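Read off the chains here:
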Amino acid sequence: MKQKNIKFMVGSLLIVGAIGYLITMSISNTSQYFFTVDELMSQNVSYTGAGLKIKGNVVNGSIERDPNDYLDVKFLIEEKDASLKVTYQGVTPDMFADGREVVVEGTLGKDGVFKANTLLTSCPSKYEAEKEAGKMHPGKFPDADKYGEPGLNKAEALPKTTI
Amino acid sequence: MNDIGEFTLLLALATAVYGCVAYIMSARGNRIDLYLSADKTPFIVWACVMTSSICLWRAFLTDDFSLQYVWAYSNIELDTFYKVSSFWGGQKGSLLFWTLLLSTYMLVVYFQNRKKNLRVVPYAMAIMLVIVVFFLVLINFSTNPFERIPLPPEDGRGLNPLLQNYWMVIHPPTLYLGYVGFTVPFAFAVAALISKDLDDGWIRMTRKWTLISWFFLCMGNLFGASWAYVELGWGGYWAWDPVENAAFMPLLIATAYLHSVMIQEKKDMMKVWNMSLILLTFSMTIFGTFITRSGLIQSVHTFDEATLGYFFLGFLFVIITSCAALIISRLPLLKSANELDSFLSRESSFLFNNLLLLGIAFATFWGTIFPIISEAVRGVKITVGPPFYNQVNVPIGLALLALVGIGPVIAWRRATLSNLKKNFLKPLLAAMVGAMAMFPVIPLGSRAEIYTYATFVISIFVLSCILAEFYKGTVARMGLHEESVAGALSTMAWRNKRRYGGYIVHIGVVMIFAGIAGSQAYGTHTEKHLKLGESFEIRGYTIRYEKLVAIEATNIKTRIIAQLAVERDGKRYWTGHPEKEFYKGQNQPVSEVDVLSTWKEDLYMILADFREDESATIKVYVNPMVSWMWTGGWIIAFGAMVSMWPDRLEQRRRLDRIRKQEQLFLSPAQE
């Protein structure tokens, strides 16, 4: 009886061990450091080349798009007086605009420019909108023009037709 | 009306507190008078919560913007359909909705088990009432949905357009039905521990509840994935976001529990294990709520009130410590009657299935909380993303998939060689034939592609195992009765609903595995900025950008629609209309994707951007086999229905049992 129990203990431990090994291996393989912009700037160690995830707010008026390649975007993100230059290739999310809080994932180049391969904007949402709205008189809509990009992404940009 | 709503919430809280005290005192002191009084509370609590909910619904439907919550999540022009669903659109309402479901479940349990087992049921009711009290305290004192605005505004702020989607209407209630449902088996488990009535009575009493909750949790996850796929427009259905993980972990542990209770029923083993699993499942539902309400973990969707999370954390702490203490104090009573005999047996295959499911759950848990841990230990926040989850969970998932085939077929206690040969030789051969047939056609360049190939091969093995079971059963029945193939098959399945329902669920699971594997490994995407008339190619499709139109759909919604012709071999094949919608009062547009879905692959189109000169950025994904997942989901739903369907044979057995119990407990109490 005892022996049998030992046998199953060993078997189970093997499985648990294998899973544990997979987890630790994968953590060291795939982890990314998470900083806000100011935290990144105040680090003593250089994180050049390491996988990074950086949070910050888009600096007003800093979004530049290549006129020939619309999918090539450059912008600045800031947090508490520190700012970081970011380049990104691809479609930007619906909510990407001046002043928005974004999270970029990628690597920091030697030139100090952050090459992002993913660009996330924080929650679309009602939840966040509630905070904004809390500051103003109830019933007033948040000012849409403050966030919308002029000319771009606006329904009025096109002549209206009906089908 | 709003005052009534507020008042009934307080009344519900007072009644629930009284009820739970009275139930416990009546059970401890054997006081039938107190019991009779306590036994009225579940109905009163339910009626109060229901009244309060009706008041909130009324406020939504009559556009009563004097309530802050209604103002924040509705406006005059919102569809009635969405006005009803706005009820659970935000934090306050979702907690009330949770309480409503919980008290409804409690009422059903009350009617089901009234006067049935007077030793366990009072404690179970008390436990459920404690949980109701927790939620009612939150609602009454922290996030009251009936909070007023002194000067009612004329119109509300409106529901987030992303949530105006039919999946989003059914996804949260489905998930909640699952989450809340596990309260019932949990309450009965704790009640069994307290009353020391530790045979499998509590498992039998709550078996249906477990199944139903599991079913809703599973569907809730799938609905959420569907919503993400059609509404969020990033081409995927699962991102390992903490909030998704929060819904996924209880599902995994519940699946483990669902399987291991079968071993306890059949073999009277794994008692401590089952107790721990149901405790863990329930804790995970609370932990999931904690994650979504705390803002502690960076996620793309979080509720804003950070303080509420700590209530849940405190509650979680109390539950885990008290239940763990309770289990430890009852350890001597939880001895198993049998022991594991051999690795090659159904018992151990269930044990391994449990370990693997818990392994996936733990890896997911670890990845979710890793940022917090690393910050505490090393002072640096380290996050892990989808690559981590895929690296860990895919190999474990493959082993699990193989067990889906082995577990239900392998012999009990100890499988002999001839046994194994009889059960597994043919499925193994089928898998090998499949492997060789697929080898030349399937690319095997990367690790993902190799994993996918392995998934397909194992899927064939599992499917052959399951189909062989159906085949064997049908042939056996046809030998005994004069029946057609279809007749024999359906009667056989109907006579053994639990078993064959389970097999059907497994078929659905295999399809979901195959769908995930196919879409993860062979997908591709392109994004292009196009002028009118320009085109590009992807996977043999030619996508031509034809025109862009703007439509004012309603006074609050403007739609910008791109027309894309899809050509294949020079012929027009389909026309896609991805669009962007602009809502009055919302800051950001919403992308509406267009998907051409076939068995082979989905062609998934997004209008990413457009400019005044009518040029537009189009993103196109080719996602193979995604529809397999949704089909697999419906098969799971069907299989779960079959196994949940009331069984007359089982009812008779249950009645017998109850009669015996009544003789044991009820008659002395009445004397």
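Quick caveat, the model's predicted, so the values are computed rather than measured.

Thresholds, definitions, all that
Residues numbered from 1 in each chain as written. Chains lettered and ligands numbered in written order. Predicted model: local features only at pLDDT ≥ 70, side-chain atom pairs only at ≥ 80, totals over all residues. Helix = DSSP H or I, 4+ residues; strand = E, 2+ residues; numbered from the N terminus. Buried ≥ 20, exposed ≤ 12 C-beta atoms within 10 Å, placed from the backbone. Contact = placed C-beta atoms within 7 Å. Pairing = 2+ DSSP bridges. pLDDT = per-residue confidence, 0-100. Axes fitted to C-alpha atoms, helices over the stretch in contact; angles between N-to-C directions. Core = buried A, V, L, I, M, F, W, Y, C linked by C-beta atoms within 7 Å. Parallel < 35°, antiparallel > 145°, perpendicular 65-115°, else oblique. Left-handed = near helix turned anticlockwise from the far one by under 90°. Nonpolar A, V, L, I, M, F, W, Y, C, P; charged D, E, K, R; others polar. Expected span 1.5 Å × (residues − 1).

Caption draft 1: A look at the overall build of chain A. Scanning chain A for helices and strands turns up four helices and seven strands. Along chain A, from the amino end to the carboxyl end, the secondary structure elements read α-β-α-β-β-β-β-β-β-α-α. When the 163 residues of chain A are sorted by exposure, 27% land in the buried category.

Caption draft 2: Main features of the overall build of chain B. Looking only at helices and strands, one finds 21 helices and eleven strands in chain B. Expressed as lengths along the three principal axes of its C-alpha atoms, the size of chain B is roughly 90 × 80 × 60 Å. Evaluated residue by residue, chain B yields a buried proportion of 50% over its 671 residues. Of the contacts formed within chain B by residues at least 6 apart in sequence, a portion of 73% connects residues at least 24 apart.

Caption draft 3: Structural view of the pairing of strand E11 (residues 616-624) of chain B. All names here are of chain B. Buried residues dominate E11, accounting for nine of its nine residues. The pairing of strand E2 (residues 524-530) with E11 spans seven bridges and is classified as antiparallel. The partner of Lys528 across the bridge, within E11, is Ile618. Two elements, strand E10 (residues 601-610) and E11, share nine bridges in a ladder whose sense is antiparallel. Across the sheet, Met605 pairs through a bridge with Val620, a residue of E11.

Caption draft 4: Representation of the confidence of the model for chain B. Within chain B, residue pLDDT values average 88, and 95% of them lie at 70 or more. The ipTM value of the predicted complex is 0.79, and its pTM value is 0.88.

Caption draft 5: Representation of the sheet that holds E11 of chain B in the model. Residues and elements named next belong to chain B. The strand order across the open sheet built from four strands is E2-E11-E10-E9, with neighbouring strands paired in antiparallel fashion. Either end of the sheet is taken by a strand with one partner, and the two such strands are E2 and strand E9 (594-597). Ignoring strand direction, the axes of neighbouring strands in this sheet form an average angle of 15°.

Caption draft 6: Focus on the pairing of strand E3 (residues 535-538) of chain B. Residues and elements named next belong to chain B. As judged from the four bridges shared by E3 and strand E4 (residues 541-552), these two strands associate in the antiparallel manner. Bridging across to E4, Phe536 finds its partner in Ile543. Linking E3 back to E4 in an antiparallel pair, the connection comprises two residues, with Arg539 at a positive phi of about 45°.

Caption draft 7: Examining the nonpolar core more closely. With 183 residues, the main nonpolar core has Val132, Ala191 and Ile253 of chain B as its most contacted residues. It is helix H7 (residues 121-141) of chain B that provides the largest number of residues to this core, a total of 17 residues. For Ile253 of chain B, the contacting residues outside a window of four places in its chain are Leu277, Leu280, Thr281, Met284, Leu358 and Ala361 of chain B. Grouped together as the second largest cluster of nonpolar side chains are 24 residues, Phe34, Ile54, Phe75 and Ile77 of chain A included.

Caption draft 8: Representation of unusual backbone geometry. Residue and element names in this part refer to chain B. Of note, Arg539 is a non-glycine position whose phi angle comes to about 45°, a positive value. Positionally, Arg539 belongs in the loop between E3 and E4. For Arg539, a count of 15 C-beta atoms within 10 Å puts it in the partly exposed group. For Met625, which is not glycine, the phi torsion reads 60° and is therefore positive. Tracing the backbone shows Met625 in the loop between E11 and helix H20 (626-644).

Caption draft 9: A look at the environment of Val380 of chain B. Summarising the element assignment, Val380 of chain B is placed in the loop between helix H14 (346-378) and strand E1 (381-383). On the basis of neighbour count, Val380 of chain B is assigned to the partly exposed category, with 15 C-beta atoms found within 10 Å. Residues Val380 of chain B and Val620 of chain B lie 240 residues apart in sequence; the distance between their C-alpha atoms is 38 Å. Val380 of chain B has contacts with Tyr33 of chain A together with Ser374 and Glu375 of chain B, leaving out every residue within four places of it along the chain.

Caption draft 10: Structural context of the packing of helix H6 (residues 91-113) of chain B against H7 of chain B. All names here are of chain B. Across the interface, H6 lies against H7 with an axial gap of 10 Å and an inter-helix angle of 165°. By the angle class used here, H6 and H7 are roughly antiparallel. In the crossing of H6 with H7, the sense of the turn from one axis to the other is left-handed. Taking contact as the criterion, the partners of Leu95, Leu96, Trp98, Thr99, Leu102, Ser103, Met106, Tyr110 and Asn113 in H6 are, on H7, Val121, Met125, Met128, Ile131, Val132, Phe135, Leu136, Leu138 and Ile139. Of the residues belonging to the contact of H6 with H7, the class tally is 15 nonpolar, three polar and no charged.

Caption draft 11: A look at helix H19 (residues 497-522) of chain B. Spanning 26 residues, H19 of chain B covers 37 Å between terminal C-alpha atoms, matching the ideal 38 Å at 1.5 Å per step. Burial of H19 of chain B is extensive: 22 of the 26 residues sit out of reach of the surface.

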